[in-house]
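A structural walkthrough
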Amino acid sequence: EDALAWRLRQSPSCGELIAAPGNPGIARWARCVAVDPVDAAAVTDLARKQGIDLVVIGPEAPLVAGVGDALREAGFAVFGPSAAAARLEGSKGFTKDLCRANGIPTADYERVETMAEARAALARFGAPVVIKADGLAAGKGVTVAMSLAEAEDAITAAGDGPMVIEEFLEGEEASLFALVDGETAVALASAQDHKRVGEGDTGPNTGGMGAYCPAPVLTPELEARAMDAIVRPTARAMVEAGTPFSGVLYAGLMLTADGPRLIEYNVRFGDPECEAIMPLIDGDFAALLMNVATGRLAQTEAPRLLDKHAVTVVVAARGYPGRPASGGTIRAIESAETVPGVTVFHAGTASSSTGLIASGGRVLAVTAVAESFANARARAYRAVDTIDFADGFHRRDIGWRELERAS
Ligand code: AMP
Ligand code: GLY
């Protein structure tokens, strides 16, 4: 949301920006108000009192809770889907069924409700296999089990409840971000992230420890294929179901030997992908989002990205993704931002009497832009090394695939 606010504030059409609730990073570009973003009545009331022209909903919780619906009913232009359309992220089972019904390439799967059903499905799929809790889990409700024992453990840990058991897909992952308003869908950007907490892509899954934009592995040909076989049929199916999608659709893709297959959808810009995408968007971003919100995407000039590279390195609090240490002091962000092309976006930060402190798992998203991937990456790490945050840690190998490809 800090990156979104930063980019919105630079838009010629954005006169004033208000954030609910914001954080110390967002306070650099927006007026922050203490309103709970999941409280539809409070958000609508704020929009009314402030005479807001466009509401951009960043995270998934308010989308799934129907804050967009309440705002639309009250007559506001909203960037972000309805609760019904946000099920594309909120329910993995919903999305898998939609793919099956519309021939959209994805992993074979079975929806189950109990541990016993999950074990029966496991016997059918064998290992490796993927086990997913059905619901929002901040990217952490998924177990990729390489052995049946590991799969058994994941099912036992999940307990009875809705789960999806999936075929394991082999390939490289890449993310495609598309703007969608009803039937119209246009590609905006590609990115790759690093989901595992540890270097060499080891350890538990996180929301993401770093990202870069663009992702050259998603070639123009593969991107066009993914738009035609995955994103556009999804947009059409949502219209046909009477629940059209409006906003940004983030398709997590597996680039398999037989082409891109959908792993999952998010209905927002993603974190840390958003931080890597925003600096590369050319033109009036707020006007672009307004055109999506008001159903004019088909008449809008295609979005353009700068011909540069952005790399984001996440600095997390020690203990993440388990129990992150809270309250650690953070200093020297300003000197990190003197590195050319660098912006330090805030996630879990708070102000205290002693200055800036950590208040969440992922704390900072250090982002650098340059003409080449290698330079963007070098700048990002130079900035990370300047920051004084004793309770923090980060991965040193963000972008290793791109470095390997370049060498
Ligand atoms: P998700 O929350 O669905 O994106 O899953 C988190 C991560 O688990 C993905 O980014 C993949 O790395 C991995 N994953 C999910 N589904 C599959 C699958 N069917 N085959 C292989 N890996 C998967
Ligand atoms: N980085 C993945 C997500 O935002 O869900």
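Residue positions within a chain follow its written sequence, with the count starting from 1. A letter from A marks each chain and a number from 1 marks each ligand, given out in the order of writing. Only residues with pLDDT of at least 70 are given local features in this predicted model, and only at 80 or more are side-chain atom pairs given and counted; all residues enter the totals for whole chains, interfaces and linings. The basis for the side-chain values is all heavy atoms of the structure; hydrogens and waters are excluded.

**Remarks on the site of ligand 2**
In the vicinity of ligand 2, the residues found are Asp193, Gly207, Tyr250, Asn266, Arg268, Gly270, Asp271, Pro272 and Glu273. The contact in question runs from an oxygen atom of ligand 2 to an N or O atom on the side chain of Arg268, over 2.7 Å. Here the Shrake-Rupley method, with its probe set to 1.4 Å, supplies the accessible areas, and only the displayed protein chains count as covering residues. Protein chains shield 93% of the accessible area of ligand 2, which is 200 Å² for the free molecule. Nonpolar residues are Ala, Val, Leu, Ile, Met, Phe, Trp, Tyr, Cys and Pro. Charged residues are Asp, Glu, Lys and Arg, and all others, Gly as well, are polar. Residue composition of the shell around ligand 2, grouped by class: two nonpolar, three polar and four charged. The nearness test applies per residue and asks whether one of its heavy atoms lies within 4 Å of the molecule or strand. Definition of a polar contact: a pair of N or O atoms within 3.5 Å, with one able to donate and the other able to accept a hydrogen when the atoms are protein atoms, and with sequence-neighbouring residues admitted only if both atoms are side-chain atoms.

**As for the site of ligand 1**
Looking at ligand 1, there are 15 residues lining it, with Glu166, Glu167, Leu169, Glu173 and Glu264 nearest. Between Glu166 and ligand 1, the recorded distance is 2.7 Å, taken from a side-chain N or O atom to a nitrogen atom. Within the side chain of Lys195, an N or O atom sits 3.1 Å from an oxygen atom of ligand 1. For the shell around ligand 1, the elements supplying multiple residues, two or more each, are β6 (129–133), β7 (142–145), β8 (163–167) and β15 (259–266). Here the shell around ligand 1 is composed, by residue class, of eight nonpolar, no polar and seven charged. We count a stretch as a helix when DSSP gives it H or I for four or more residues in a row; a strand needs E for two or more, and each element gets its number in order from the N terminus.

**Topic: the side chain of Thr44**
Considering the arrangement of structural elements, one finds Thr44 in helix α2 (residues 40–50). Note on classification: 1.4 Å probe, protein chains only; a residue is buried when its accessible area is under 20% of the maximum for its type, exposed when over 50%, partly exposed between these limits. The class for Thr44 is buried, based on a relative accessible area of 7%. At 2.7 Å, the side chain of Thr44 and the backbone oxygen of Ala40 are in polar contact. Residue contacts are defined here by distance: any two heavy atoms, one from each residue, within 4.5 Å place the two residues in contact. Those residues in contact with Thr44 that lie beyond four places of it in its chain are Ala70, Leu71, Ala74 and Phe76.

**Considering the pairing of strand β13 (residues 210–213)**
Residues in a regular strand point their side chains to alternate faces of the sheet. Residues of β13 alternate between two faces, with Gly210 and Tyr212 on one and Ala211 and Cys213 on the opposite face, all of them buried. In this scheme, strands are said to pair when DSSP sees at least two bridges between them. Here strand β10 (residues 184–193) pairs with β13 via two bridges, running antiparallel. Bridged to Asp193 within β13 is Ala211.

**Notes on the sheet that holds β8**
Overall, antiparallel pairing links the four strands, which are arranged β5-β8-β6-β7 in an open sheet. Looking at which strands have only one partner, the edges of the open sheet turn out to be β5 (109–112) and β7. Between one strand axis and the next, the sheet turns by 15° as a mean value, whatever way the strands run. With five bridges connecting them, β6 and β8 associate as antiparallel partners. When the bridges of β8 are listed, Ile131 appears paired with Ile165. Lines fitted to C-alpha atoms define the axes here, with helix axes fitted over just the stretch in contact, and angles between the N-to-C directions of these axes take values from 0 to 180 degrees. Here helix α6 (residues 92–102) sits on the sheet in contact with β5, β6, β7 and β8, set at roughly 140° to β5.

**Some details on the packing of helix α1 (residues 2–9) against helix α11 (residues 285–293)**
Where α1 meets α11, the closest approach of the two axes is 7 Å, and the angle between their N-to-C directions is 105°. For the element pair α1 / α11, the angle class is roughly perpendicular. Where α1 abuts α11, its residues Leu4, Arg7 and Leu8 lie against Phe285, Ala286 and Leu289. Across the contact of α1 with α11, the residue classes tally to five nonpolar, no polar and one charged. For classification, angles of less than 35 degrees are called roughly parallel, those exceeding 145 degrees roughly antiparallel, those between 65 and 115 degrees roughly perpendicular, and all remaining angles oblique.

**With respect to α11**
Of all nine residues making up α11, seven are buried, and the element is well covered by its neighbours. Looking at α11, one finds that the buried residues are Phe285, Ala286, Leu288, Leu289, Asn291, Val292 and Ala293. Those residues of α11 hidden inside the fold are in contact with α1, β3 (54–56), β4 (77–79), β9 (172–181), β10 and β14 (246–256). Taken from the residues just after α11, Gly295 is the one with a positive phi, measuring 70°.

**Some words on unusual backbone geometry**
Omega for the bond connecting Ala127 with Pro128 falls within 30 degrees of zero, at -5°, which places this linkage in the cis form. Tracing the sequence through the fold places Pro128 in the loop between α7 (115–125) and β6. Going from Asp271 to Pro272, the amide bond is cis rather than trans, its omega being 15°. If you trace the backbone, Pro272 turns up in the loop between β15 and α10 (273–277). Its identity is not glycine, yet Asp201 carries a phi of approximately 55°, on the positive side. Tracing the backbone through its elements, the reader meets Asp201 in the loop between β11 (196–198) and β12 (202–205). The phi dihedral of Ala332 is positive, around 75°, even though this residue is not glycine. Within the secondary structure, Ala332 sits in the loop between β16 (309–317) and α12 (333–336). Look at Ala332 and you get partly exposed, because its relative accessible area is 25%.

**A closer look at the packing of aromatic side chains**
Aromatic pairs are defined between Phe, Tyr and Trp rings, using the six-membered ring for Trp, whenever the two ring centres lie within 6.5 Å; interplanar angles under 30 degrees are classed as stacked, those over 60 as edge-to-face, and all others as tilted. For the coordinates displayed, the defined rule picks out five aromatic pairs. Seen from their ring centres, Phe79 and Phe269 are 6.1 Å apart, and the 15° between their planes marks the pair as stacked. With Phe79 in strand β4 and Phe269 in the loop between β15 and α10, the pair connects residues that are 190 residues apart, well separated along the chain. Classification of Phe269 as buried rests on a relative accessible area of 4%. Note on Tyr212 and Phe373: the rings are 5.3 Å apart at their centroids and 70° apart in plane angle, and the pair reads as edge-to-face.

These figures come from the coordinates and say nothing about function on their own.
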